[in-house]
Amino acid sequence: MAADQSKQERIGAIVMSFGSILIAGMEWLDRPKPGEIVEAEPDWYVTFNLLLHGAILLLLIVSLIRLNKLVADRPNQRLPFLVMILVGLGAAAYVVGRDLGLV
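Residues numbered from 1 in each chain as written. Predicted model: local features only at pLDDT ≥ 70, side-chain atom pairs only at ≥ 80, totals over all residues. Heavy atoms only, no water.

**Focus on the overall build of the protein**
Right, on to step 1. Along the backbone of the protein there are 4 helices and 0 strands.
Right, on to step 2. Mapped in sequence order, the helices and strands of the protein form the string α-α-α-α.
Right, on to step 3. Computed over C-alpha atoms, the radius of gyration of the protein comes to 16 Å, more than 25% over the 13 Å expected from 2.2 N^0.38 for 103 residues, which places it beyond the range of a compact globule.
Right, on to step 4. Along the first, second and third principal axes, the C-alpha set of the protein runs to 50 × 25 × 15 Å.
Right, on to step 5. The buried share of the protein, reckoned over its 103 residues, is 26%.
Right, on to step 6. Once local pairs closer than 6 in sequence are excluded, the contacts in the protein between residues at least 24 apart make up 79%.
Right, on to step 7. Total accessible area on the protein is roughly 7,200 Å²; 68% of this is exposed by carbon and sulfur atoms. (Helix = DSSP H or I, 4+ residues; strand = E, 2+ residues; numbered from the N terminus. Rg over C-alpha atoms; globule rule 2.2 N^0.38 Å. Buried < 20%, exposed > 50% of the residue type's maximum accessible area, 1.4 Å probe, protein only. Contact = heavy atoms within 4.5 Å. Areas by Shrake-Rupley, 256 points an atom, 1.4 Å probe, with all protein chains shown as cover.)

What follows is the structure in structure tokens.
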């Protein structure tokens, strides 16, 4: 059962990392040009996006903390998973920063 749980957690980390990279790429492509007038989005939509992207960021942080347990049965995959989670964290942090208006 433990191997199945670590496999599920690895799949979850992969999906969250690639999902956050995809979302960050879409956010970057959709950014307004300098001087462009941008219509405000509804408050509920902004709050929902912030909560969703914040949850992805939090789950990636948990995946980073549990990295040793994720790859306990596959020690040669430690570095690729570390890089993947860190890139996903950077992308998720960018998206949350955009949601908060910091980037």
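Okay, back to it.
**Thoughts on the packing of aromatic side chains**
Working definition: an aromatic ring pair is given by the centre-to-centre distance plus the angle between the planes.
Right, on to step 1. Within the structure shown, the criterion is met by 1 aromatic pair.
Right, on to step 2. Above the plane of the ring of Trp-28 lies Arg-31, whose end atom (NZ or CZ) is 4.1 Å from the centre. (Phe/Tyr/Trp six-rings, centres within 6.5 Å; stacked < 30°, edge-to-face > 60°. Lys NZ or Arg CZ within 6 Å of the ring centre and 35° of its normal.)

**Some details on helix H2 (residues 43-65)**
Right, on to step 1. For H2, spanning 23 residues, the distance from its first C-alpha to its last is 33 Å, which sits close to the expected 33 Å at 1.5 Å a residue.
Right, on to step 2. All buried positions along H2 are accounted for by Asn-49, His-53, Ile-56, Leu-57, Leu-60 and Ser-63. (Expected span 1.5 Å × (residues − 1).)

**Focus: helix H4 (residues 78-100)**
Right, on to step 1. Between its terminal C-alpha atoms H4 stretches 32 Å, which fits the 33 Å expected from 23 residues at 1.5 Å a residue.
Right, on to step 2. Taken from the residues just after H4, Gly-101 is the one with a positive phi, measuring 80°.

**Details of the pattern of salt bridges**
Right, on to step 1. Counted according to the given criterion, the structure contains 3 salt bridges.
Right, on to step 2. A salt bridge links Arg-10 to Asp-73; the shortest N-O distance between them is 3.1 Å. A residue pair is termed long-range when its members are at least 10 positions apart, and Arg-10 in helix H1 (residues 2-29) and Asp-73 in the loop between helix H3 (67-70) and H4 qualify at 63 residues.
Right, on to step 3. Measuring nitrogen to oxygen at the nearest pair gives 3.2 Å for the salt bridge that ties Glu-27 to Arg-98. (Salt bridge = Lys/Arg side-chain N within 4 Å of Asp/Glu carboxyl O.)

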